[in-house]
Amino acid sequence: MKKTKKTVKPFVFYTRLHLSQMTGLRAANISQLMELIKQVSGSCIYHHTHRFLQIHQYLSPEPPNDFAYWVNYVLGEDELGERLASIDTVQFSSIRSLREKIIQTIENYIENNPLAKLRFSRKDEEFHFIESISFIIPTKYSVTTLRDFSRTLKKVTIDSIYFHIFESRLRLEKQNNDFSAWIDDAFGNKILADSIARLDPYTHTLEDLRKKLINIVDNAIKK
Amino acid sequence: MPYIEDYISIVGQSVIDDLRLIAEKLKGKKILHINSTAVGGGVAEILNRMNPLLRELNVDTRWDVIRGGEKFFNVTKKFHNLLHGKQDELTDEDIDIFLSTGKENQLNMDTSSDIVYVHDPQPITLVEKRNGNKWLWRCHVDVSNPNQKLWSFLKQYIERYDAAVFSAPSFSQTLSIRQYLISPSIDPLSDKNKDLSSEEISKVLEHYQVPVDKPLITQISRFDRLKDPLGVIEVYKLVKRYVDCRLILAGGGASDDPEGAQVLAEVNQAAKEDKDIHVLLMPQNDIHINALQRASTVIIQKSIKEGFGLTVSEALWKAKPVVASNVGGIPLQITHRYSGLLCRSIEGAAFAVKQLLNSPNYAKQLGKNGKEHVRNNFLITRHIRDYILAFLSLYNKEHIVNL
């Protein structure tokens, strides 16, 4: 078996578990939704743009955010639903900028479709704003080679992969995902780091993402 | 009782590893659960399964039950109905009975644990005893449209807790304390959900004299108006016009539900002229429930209100196609046309049941998707994780907690 380079900067796998905290805030139409999106915490925006990824983690990718789903399936505004669902979350490095994009998308739509403001949800289908509380915990896994990194990717929970790919970059505002940052820093392997960074994780289920990551790393080891 | 390791084959090693990681952070904390009944109903069932597993994870957990007489439980049944939005009058006498039993329990119960976790309104006034420790109130009831007089009365107690826990987003209220969303769960290794052989299933059907000559539509629920058993009979009658089938209405009673006998009598009356309707008042027998669910062609849960509706997850775990009302926690368990069919009326439910009976491949796919959805979101291991996180959150106020 080909030997892989060892680094003095180990990668420690963390896991992230979340608890949903309800705010008691609810919207029944598009104007209320937009006003509340402006006011709620960043944890709330994060929750509603990332919840789908976790709930349907093994199944087909669903619309990647709750706002898109509600606007489409409850209010029947499918065009706005599509616009919200296709916001390219991976391009945003902070919740703040993602929030601005969502607001701007809704504002533009309302401006061009003022009748949209007249659509109300049924009482039992209102949009409920929920916040995500994240608990970040180091796991027992620490690796110093790419081979061990790949092996450990097979073992850790999808919560761990989720944390290093999504949460760490966007919620902790690290600019890059943890895996790419480590590979670049510890091994100077920019090609591998970039190929992981170029993945659009929002269009994969988490299990598919795990497989893809392992595949990319294994191929890089073989070279 | 299964051990925590037994769940690895179902959820994977890493999920259990994570539970051990977070459970360790509760080291030294004593936790006390309090509810109003040791048997019958979903709350007792979950606590019975969860506490041994929590203890195995080295979480120091105990469970105690309040005492109350018939009058008290009649009042709390009324509370239950009022919280579900039923029209009734809350009298001063009701409040007196409720408070007086509450005082007796305050005198008799030891609530000195680090965390006291109170389930449902019956023991809610115990929080008056709080003394520097953490208190969490768990509401298992659908309070999306509660009687306002009763809610205002309860709210003065709820807001003395550190946090409240609800089962569905639509139950959340404007409160001055933190509110967590934690869905209940099923135990895949319990007698109610474990795999059964076809011989075991046949034996149970023989026991209840249910022939297997026609498709079986089943609702498993307490005989309670809010589960709408009479509505289910109407659904069956509409389906029966086109598809010859049998209906099973099966359920037991709980010690805190005095109204059950009356509802059962009405159901028997409505069913008496049709030999294909099987009304089964069952003692607590989880294997029998399991077998009836597994023998069913379609499972229905036509509740008018629902705290969560765990029978839906039980049915989905058995990969059964389910038709259920779009109430309470049911839409969390069923995504319409993806992991089951949601309905809002007798006619809608009948249409959905017919669709499933006539399209077995579609029904099979819904059941398969439903099972995976339950595996990811409604098994006891996820529930244990959420409870441990809720306990930890009582000591951490931030949105991002580094443990």
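Residues numbered from 1 in each chain as written. Chains lettered and ligands numbered in written order. Predicted model: local features only at pLDDT ≥ 70, side-chain atom pairs only at ≥ 80, totals over all residues. Heavy atoms only, no water.

1. A look at the domain arrangement of chain B
All names here are of chain B. For chain B, the domain assignment lists domain 1 (4-185 + 380-393) and domain 2 (198-377). Taking only C-alpha atoms, the centre of domain 1 and the centre of domain 2 are 27 Å apart. Taken together, the contact pairs 29 residues of domain 1 with 22 residues of domain 2. For the domain 1 and domain 2 pair, buried surface summed over both sides reaches about 1,900 Å², with 54% attributable to carbon and sulfur atoms. Sorting the residues of domain 1 by area buried against domain 2 places Ile-10, Lys-77 and His-84 first, and these three jointly supply 25% of that buried surface. Seen at the junction of domain 1 and domain 2, the total is one salt bridge. (Domains from an automatic or database assignment. Contact = heavy atoms within 4.5 Å. Buried area = accessible area lost by both parts, 1.4 Å probe. Salt bridge = Lys/Arg side-chain N within 4 Å of Asp/Glu carboxyl O.)

2. Concerning the domain arrangement of chain A
Residues and elements named next belong to chain A. Once the domains are mapped, chain A shows domain 1 (9-16 + 135-222) and domain 2 (24-131). For domain 1 versus domain 2, the separation of C-alpha centres amounts to 28 Å. Across the domain 1/domain 2 interface, buried area totals approximately 1,700 Å², and carbon plus sulfur atoms make up 58% of it. Looking only at domain 1, the three residues that lose the most surface to domain 2 are Leu-170, Arg-171 and Tyr-202, adding up to 35% of its buried area. At the boundary of domain 1 and domain 2, one finds four residue pairs in polar contact (both at pLDDT 80 or more). The set of elements that each furnish at least two residues to the side of domain 1 that touches domain 2 consists of helix H7 (158-170) and helix H10 (206-222). For the side of domain 1 that touches domain 2, the element with the most residues is H7, which contributes six residues. Classifying every residue of the side of domain 1 that touches domain 2 by side-chain character gives eight nonpolar, four polar and seven charged. (Polar contact = N/O pair within 3.5 Å; in protein donor to acceptor, adjacent residues only side chain to side chain. Helix = DSSP H or I, 4+ residues; strand = E, 2+ residues; numbered from the N terminus. Nonpolar A, V, L, I, M, F, W, Y, C, P; charged D, E, K, R; others polar.)

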